[in-house]
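What follows is each chain in one-letter form.
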Amino acid sequence: MKDLYRIQNIFFDFDGTIMDTSEGIKNGFSYALKKFGKELPQGDFYRRLIGPPLSESFEHILGFKKEEVSLCIDLYREYYAPKGLYEVSVYKGIPELLEKLKKSGKKVCIASSKPKTFVEELLRKFSLDKYFDFISASDMNEKNASKALIIKKAMDFCRQSQDIETDDFLMIGDRKYDMIGATENSIRAAGALWGFGSLQELKDAGASICFENAEAVAKQIVTDTYSAIC
């Protein structure tokens, strides 16, 4: 299997990997729940809601009925689109990492379950759009929110110009959904420990390596000088 630093096609999750979007997401869920007369559970419970599609979070994590999910999503976005979207920050070292990857000749893509419109807006706002060759993300109705499908679309883009083997792709993300989606496409997965998933979650879901921070990613993929965690 190809060494990580030789891999030329790098995919990044967005929420919890490129940007810390937790405040806006938490506030969006709180807003929607209050409309139903409920409160968001205290503590770090909200971290479980960051990563999966909204439909999964409302139905399988928060326990809403399937017929209520569409309204839940509408209420969430009633807050999120005008305000919560911008309650974000770029993780430390991410701009520097992306610049190094591009200078080293890597092809860099986003593979996110977040709606593409939101991803593009935030990348432009923080001047990160110039680093990405392609954005694979969901649409607003979440019909194409499967992480495996999103990753496959990014792979298909990279393969337009040449025949690329699966060992020349790497998915980097902070939740199990990223690891599982990569595995379902037979590509390698790396855990981003600065995000919202634990080391155990990422390892159990198939991460072949876990990085402590963005600088560690650059050391491994650009210079091959990083000591692996898992």
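Refer to the structure printed above.
Things to note about empty space enclosed by the protein
Enumeration over the complete set of coordinates arrives at one cavity of 30 Å³ or more. Size it by volume and the largest cavity reaches roughly 240 Å³. Together, 23 residues line the largest cavity, and Asp15, Pro52, Leu54, Ser113 and Lys114 are the ones closest to its centre. Elements with a minimum of two residues in the lining of the largest cavity: α1 (22-35), α3 (69-80), β4 (107-115) and α7 (176-184). Ranked by residues supplied to the lining of the largest cavity, first place goes to β4 with four residues.

Some details on the packing of α1 against α3
Two elements in contact, α1 and α3, have axes separated by 8 Å at closest approach and are oriented at 130°. Relative to α3, the element α1 is oriented oblique. Seen along the crossing, α1 lies across α3 with a hand that is right-handed. Together, Gly24, Ile25, Asn27, Gly28, Phe29, Tyr31, Ala32 and Lys35 of α1 and Cys72, Leu75, Tyr76, Glu78, Tyr79 and Tyr80 of α3 make up the contact between the two elements.

Some details on the pairing of strand β1 (residues 9-12)
The alternating pattern of β1 places Asn9 and Phe11 on one face and Ile10 and Phe12 on the opposite face, and all of these are buried. Relative to β4, β1 runs parallel, the two sharing four bridges. Along β4, the bridge assignment pairs Phe12 with Ile110. Pairing analysis gives four bridges linking β1 to strand β6 (residues 169-173), with the strands arranged parallel. Following the sheet pairing, Phe12 is matched in β6 by Ile172.

Some remarks on the side chain of Ser22
By secondary structure assignment, the location of Ser22 is in helix α1. Ignoring sequence-local partners within four residues, the contact set of Ser22 consists of Tyr46, Ile50 and Phe196.

Let's talk about the environment of Lys66
Along the chain, Lys66 falls in the loop between α2 (54-61) and α3. A polar atom in the side chain of Lys66 sits 3.4 Å from the side chain of Glu59.

Points about the packing of aromatic side chains
Under the counting rule described, the total for this entry stands at ten aromatic pairs. Look at Phe58 and Tyr76: their rings are 6.5 Å apart centre to centre, the planes differ by 80°, and that puts the pair in the edge-to-face class. In this pair, Phe58 sits in helix α2 while Tyr76 sits in helix α3, placing the two residues 18 residues apart along the sequence. A relative accessible area of 1% means that Phe58 is categorised as buried. Here Tyr76 and Tyr80 contribute two aromatic rings whose centre-to-centre distance is 5.3 Å and whose plane-to-plane angle is 20°, an arrangement assigned as stacked. Note that Tyr76 and Tyr80 are positioned in helix α3 at a spacing of four residues, about one turn of the helix. Three or more aromatic residues joined by ring pairs form one cluster here, namely Phe29, Phe36, Phe58, Phe64, Tyr76, Tyr80 and Phe118. Stacked on the ring of Tyr46, the Lys or Arg Lys26 has its end atom at 4.8 Å from the ring centre. Across the ring face of Phe64, the terminal group of Lys38 is positioned such that the distance to the ring centre comes to 4.3 Å.

Reading the values: the criteria
- Residues numbered from 1 in each chain as written.
- Predicted model: local features only at pLDDT ≥ 70, side-chain atom pairs only at ≥ 80, totals over all residues.
- Heavy atoms only, no water.
- 1 Å grid on protein atoms, 1.4 Å probe; cavity = no way out; pocket = protein on both sides within 12 Å on 5 of 7 lines; lining within 4 Å.
- Points joined across faces, edges and corners; volume = space filled by probe spheres on them.
- Helix = DSSP H or I, 4+ residues; strand = E, 2+ residues; numbered from the N terminus.
- Axes fitted to C-alpha atoms, helices over the stretch in contact; angles between N-to-C directions.
- Parallel < 35°, antiparallel > 145°, perpendicular 65-115°, else oblique.
- Left-handed = near helix turned anticlockwise from the far one by under 90°.
- Contact = heavy atoms within 4.5 Å.
- Buried < 20%, exposed > 50% of the residue type's maximum accessible area, 1.4 Å probe, protein only.
- Pairing = 2+ DSSP bridges.
- Polar contact = N/O pair within 3.5 Å; in protein donor to acceptor, adjacent residues only side chain to side chain.
- Phe/Tyr/Trp six-rings, centres within 6.5 Å; stacked < 30°, edge-to-face > 60°.
- Lys NZ or Arg CZ within 6 Å of the ring centre and 35° of its normal.

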